[in-house]
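Each chain, written out:
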Amino acid sequence: MTKEQIFQKIVEMTQEEKGNHLVVAPEFTLADNIAADSVEVMEFVLDLEDEFGVDIPDSAIEKFIYLSDVVDFIYLELEKRS
């Protein structure tokens, strides 16, 4: 799976949750654009784990600032399997 495919899937997931009108960009921050609070961040992370079949430790979540950070993490985790 490419980074672009991962990003597109995250866009779909986010739009399902927030509405199709939302335009999602890699430079979106989790705190400002994706999740309003820590509960929403955790729900987002759980959805990502389910969707991509990866485990995302708290130490990684703490480093997620931009949506592109999430994409990079998932990409590297998926690459480890191939």
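Definitions and limits used
Residues numbered from 1 in each chain as written. Predicted model: local features only at pLDDT ≥ 70, side-chain atom pairs only at ≥ 80, totals over all residues. Heavy atoms only, no water. pLDDT = per-residue confidence, 0-100. Helix = DSSP H or I, 4+ residues; strand = E, 2+ residues; numbered from the N terminus. Expected span 1.5 Å × (residues − 1). Buried < 20%, exposed > 50% of the residue type's maximum accessible area, 1.4 Å probe, protein only. Contact = heavy atoms within 4.5 Å. Axes fitted to C-alpha atoms, helices over the stretch in contact; angles between N-to-C directions. Parallel < 35°, antiparallel > 145°, perpendicular 65-115°, else oblique. Left-handed = near helix turned anticlockwise from the far one by under 90°. Patch = residues over 30% accessible without salt bridge, like charges linked within 9 Å, V, L, I, M, F, W, Y side chains within 5 Å. Areas by Shrake-Rupley, 256 points an atom, 1.4 Å probe, with all protein chains shown as cover. Salt bridge = Lys/Arg side-chain N within 4 Å of Asp/Glu carboxyl O. Lys, Arg positive; Asp, Glu negative; His and termini not counted. Charge placed at Lys NZ, Arg CZ, Asp CG, Glu CD.

**Student:** Help me out: how do you make sense of the confidence of the model for the protein chain in this one?
**Tutor:** For residues with low pLDDT, the predicted coordinates do not support detailed interpretation. Model confidence for the protein chain is summarised by a mean pLDDT of 92, while 100% of its residues fall at 70 or above. Looking at the elements of the protein chain, mean pLDDT is at its lowest for helix α2 (residues 30–34), recorded as 83, and at its highest for helix α5 (residues 67–81), recorded as 96.

**Student:** How do you make sense of helix α1 (residues 3–18) when you look at a structure like this?
**Tutor:** Quick reminder: α-helices carry 3.6 residues per turn. Residues three or four places apart thus point the same way. In this model, α1 (16 residues) spans 22 Å end to end at C-alpha, consistent with the 22 Å of a helix rising 1.5 Å per residue. Those residues of α1 that sit buried are Ile6, Phe7, Ile10, Val11, Met13, Thr14 and Gln15. The inward-facing, buried residues of α1 contact α2, α3 (38–52) and α5.

**Student:** When you look at the packing of α1 against α3 in this model, what are you seeing that I'm missing?
**Tutor:** The geometry of a pair of packed helices is captured by two quantities: the angle between their axes and the separation between those axes. α3 packs onto α1 with a crossing angle of 130° between their chain directions and a minimal axis gap of 11 Å. It follows that α1 is oblique to α3 by the angle criterion. The two elements α1 and α3 cross, and the hand of that crossing is right-handed. Two secondary-structure elements touch here, α1 through Ile6, Lys9, Ile10, Met13, Thr14 and Lys18 and α3 through Glu40, Phe44, Asp47, Leu48, Glu51 and Phe52.

**Student:** I'm lost on a negative patch on the surface in this one. Help?
**Tutor:** On the surface, a cluster of negative charge is made up of Glu16, Glu17, Asp37, Glu43, Asp47 and Asp50. Counting residues per element, the ones that place at least two in the negative patch are α1 and α3. The greatest single-element share of the negative patch, amounting to three residues, is contributed by α3. Relative to the helices and strands, Asp37 resides in the loop between α2 and α3.

**Student:** Please explain the side chain of Thr14 as it appears in this structure.
**Tutor:** The residue Thr14 is located in helix α1 in this model. Residue class for Thr14 comes out buried when judged on its relative accessible area of 4%. Ignoring sequence-local partners within four residues, the contact set of Thr14 consists of Gly19, Leu22, Val24, Ile34 and Phe44.

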